[in-house]
Amino acid sequence: MMNSLELTRPELLRHQNFIRGTWSESAGGATLEVINPASNRSIASVPDSDARDARAAVEAATAAFKTWRQETAMQRRQLLKEWHRLLLENGEDLARLMSLEQGKPLAEARGEVAYGASYVEWFAEEAVRVNGDILPSTQEGRRQMVIREPVGVVAVITPWNFPLAMIARKIAPALAVGCTVVAKPSEDTPLTALALARLAEEAGFPPGTVNVLSASRSNGALVGDAWLADGRVRKITFTGSTPVGKHLARESAETLKRLSLELGGNAPFIVFEDADLDLAVAGLMASKFRNGGQTCVCPNRVFVQQTVLDEFVTKLQAAMESLVVGPATHPDATIGPMINSRAVEKIQRHVDDALERGARLVCGGERVQNAVAAGPHFYLPTILTNVGADAVMCHEETFGPVIPVIAFENEPEVVTLANDTPYGLAAYFYTSDMRRAFRLPGLLEAGVIGINEGAVASELAPFGGVKESGYGREGSVYGTDDYVQIKYLCQGQLGGET
Ligand SMILES: O=CCCC(=O)O
């Protein structure tokens, strides 16, 4: 049982920024307390960086870019492979750090180490596949070619819900193609990111190639603004809320940066009457309760065909009895604390709103009050039925262990309901009708579709949204596209002597 920061390698707990290959305090000397969401107590303090640190990181990354882009692809692959090896070798320590600062159960944190590391391995292999093209010639004696070049310095801004996987799957493709990186993790979970920086240092990346700094929410905005204003930063890759994504899109217009935005979702999970209901319940459990419901692809609205609604809810409630809410230190915990009190208040506001509008509470609906999960941030797994389309939880991401069940009559109706949102990240449906399985993906407005499957993410697959869930794709063979620019070379006068 994990009960403290007993790391095999205590030096993985970093208290400083990593800029230009050295560890340093913030320029202003300010610090930020990292809070364990399970106990609401401080775990460690890290720098509370500001615009000066942000600029120092860009200077380092700009200088490093000149040489890093010239490295051979094999050398970049080699260093990424070494980083991948170190992530796995230190996986237990990384999982402990992640559980403590983010709250996810240790088993899930171990899973995230493997998941995040898989992107590093994938992009290590992609480093040697940044190919160009030779185009058909439009004139005799002319050769037309296309090469792919790294865009330059990339700013990486990551959320708290996957402290390792999100930063790994942004930094790895950037480094693979020859970009250098300045990164700021969420103020809630900087420790995992700083530990990754330490392992990048050990892997041997040249100084300035990877720069990681921590900052509080308010100073973090100053860091972001400094990067937005800096013309040397050629790309921003961000995972987080849609309002922040829109701010980045607006403000980066001045320097016309490239953007990858992985933003909010409002995923529908649709269960048709012809579905295997046990399979659908298992898929919903896997998808909905990943990280306690704090995942951007978690089903946020569960649509069940009226004819099977009661049977489905009975099976779902029975499955939910196996969930154990508790801190990461509890060996059987399957749902940890929510990240902070703002998150718990939002969940409660959504539940209260649905109940006021006529929803029926099947189970949960409040914070946990027991000895295993004693802190203020634990929320009971909740089912609500008879949820109206006007409920706030049908329009905003609840980001917690709450399942609103909404009845529907037929396919056209549920497609309209599912698409009735500005978001379009993930959508799931369960059916045994093969024609429907082929038809529906074309009708659902989402970047990722689960067909009789609730766990969809993988390093081999493109991850990203449509509509106000953002743009750009992470992972897969498409995952380096956002980090390269196309250059056209036209070589003339090739004709030899006749
Ligand atoms: O929450 C965002 C990313 C989750 C995932 O990679 O499946």
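Residues numbered from 1 in each chain as written. Predicted model: local features only at pLDDT ≥ 70, side-chain atom pairs only at ≥ 80, totals over all residues. Heavy atoms only, no water.

Under an unreviewed UniProt entry, the name given to the protein chain is NAD-dependent succinate-semialdehyde dehydrogenase, and the organism recorded is Elongatibacter sediminis. Comment text from UniProt for the protein chain, heading Sequence similarities (unreviewed entry), reads "Belongs to the aldehyde dehydrogenase family." (UniProt positions renumbered as here; feature names shortened; annotations may be inferred.)

## Topic: the sheet that holds strand β20 (residues 484-491)
In space, the three strands of this open sheet follow the order β5-β6-β20, with antiparallel pairing throughout. The strands lining the two open edges of the sheet, one partner per strand, are β5 (133-135) and β20. Shown here is a sheet whose adjacent strand axes are inclined to one another by a mean of 25°, direction ignored. Both strand β6 (residues 143-150) and β20 contribute to a ladder of eight bridges, which runs antiparallel. Paired with I147 across the two strands is K487, which belongs to β20. (Pairing = 2+ DSSP bridges. Helix = DSSP H or I, 4+ residues; strand = E, 2+ residues; numbered from the N terminus. Axes fitted to C-alpha atoms, helices over the stretch in contact; angles between N-to-C directions.)

## Regarding the packing of aromatic side chains
If you walk through the whole model with that rule in mind, you get eight aromatic pairs. With a centroid separation of 4.7 Å and 35° between ring planes, the pair formed by F18 and W23 is classed as tilted. You can call W23 buried: its relative accessible area is 16%. With 5.5 Å between their ring centres and 80° between their planes, F272 and F408 make a pair best called edge-to-face. Here F272, found in the loop between β12 (267-271) and α9 (277-288), pairs with F408, found in strand β16 (residues 402-408); they are 136 residues apart in sequence, far enough to count as distant. With respect to burial, F272 and F408 carry one shared label: buried. Here the aromatic residues W68, W83 and F205 are joined through ring pairs into a cluster of three or more. (Phe/Tyr/Trp six-rings, centres within 6.5 Å; stacked < 30°, edge-to-face > 60°. Buried < 20%, exposed > 50% of the residue type's maximum accessible area, 1.4 Å probe, protein only.)

## Description of the site of the ligand
Looking at the ligand, the residues that line it are Y115, N161, F162, M166, R169, E262, R290, T295, C296, V297, A457 and F463. Measuring from an oxygen atom of the ligand, one finds a side-chain N or O atom of Y115 at 2.6 Å. At 2.9 Å, a side-chain N or O of R169 approaches an oxygen atom of the ligand. For the ligand, the protein covers 100% of the area, taking 250 Å² as the surface of the free molecule. (Near = heavy atom within 4 Å. Polar contact = N/O pair within 3.5 Å; in protein donor to acceptor, adjacent residues only side chain to side chain. Areas by Shrake-Rupley, 256 points an atom, 1.4 Å probe, with all protein chains shown as cover.)

## Things to note about the sheet that holds β12
Judged by pairing direction, the sheet is mixed, and its seven strands sit side by side in the order β14-β15-β16-β13-β12-β17-β18 without closing on themselves. This sheet does not close on itself; its edge strands, each paired only once, are β14 (360-363) and β18 (448-451). Adjacent strand axes in the sheet meet at a mean angle of 20° when their direction is disregarded. Pairing of strand β15 (residues 382-385) with β16 involves three bridges; the strand directions are parallel. Note that in β16 the partner of I383 across the bridge is I403.

## A short note on the packing of α9 against helix α10 (residues 309-320)
What describes two packed helices is the angle between their axes and the distance between those same axes. At a minimum axis separation of 10 Å, α9 and α10 run at an interaxial angle of 45°. Relative to α10, the element α9 is oriented oblique. In the crossing of α9 with α10, the sense of the turn from one axis to the other is right-handed. Here L277, D278, A280, V281, L284 and M285 of α9 lie close against α10, whose contacting residues are E311, F312, K315, L316, A319 and M320. Across the contact of α9 with α10, the residue classes break down as nine nonpolar, no polar and three charged. (Parallel < 35°, antiparallel > 145°, perpendicular 65-115°, else oblique. Left-handed = near helix turned anticlockwise from the far one by under 90°. Contact = heavy atoms within 4.5 Å. Nonpolar A, V, L, I, M, F, W, Y, C, P; charged D, E, K, R; others polar.)

## Some details on the side chain of N219
Its location among the elements puts N219 in helix α7 (residues 217-229). Looking at N219, the relative accessible area reads 18%, which means it is buried. Sequence-distant contacts of N219, that is, excluding residues within four places in its chain, are made with D48, S49 and D50.

## Description of unusual backbone geometry
One non-glycine residue, L256, adopts positive backbone phi at about 45°. Position of L256 relative to the elements: it lies in the loop between α8 (242-251) and β11 (258-262). We classify L256 as exposed; its relative accessible area is 67%.

## Points about α7
Between its first and last C-alpha, α7 extends 19 Å over 13 residues, near the 18 Å set by a 1.5 Å rise per residue. Every buried residue of α7 is listed here: N219, G220, V223, G224, A226, W227 and L228. Of the surrounding elements, those touching the buried residues of α7 are α1 (51-68), β7 (153-157), β8 (180-184), β10 (233-239) and α8. (Expected span 1.5 Å × (residues − 1).)

## Quick notes on the pattern of salt bridges
Enumeration over the complete set of coordinates arrives at 29 salt bridges. Where E92 meets R96, a salt bridge forms, and the shortest distance between an N and an O atom there is 4.0 Å. Taken as a pair, E92 and R96 lie in helix α3 (residues 91-102) at a separation of four residues, close to a single helical turn. The exposure class assigned to E92 is partly exposed, which follows from its relative accessible area of 32%. In this structure, the salt-bridge partner of E149 is K487, at a minimum N-O distance of 3.0 Å. With E149 in strand β6 and K487 in strand β20, the pair connects residues that are 338 residues apart, well separated along the chain. (Salt bridge = Lys/Arg side-chain N within 4 Å of Asp/Glu carboxyl O.)

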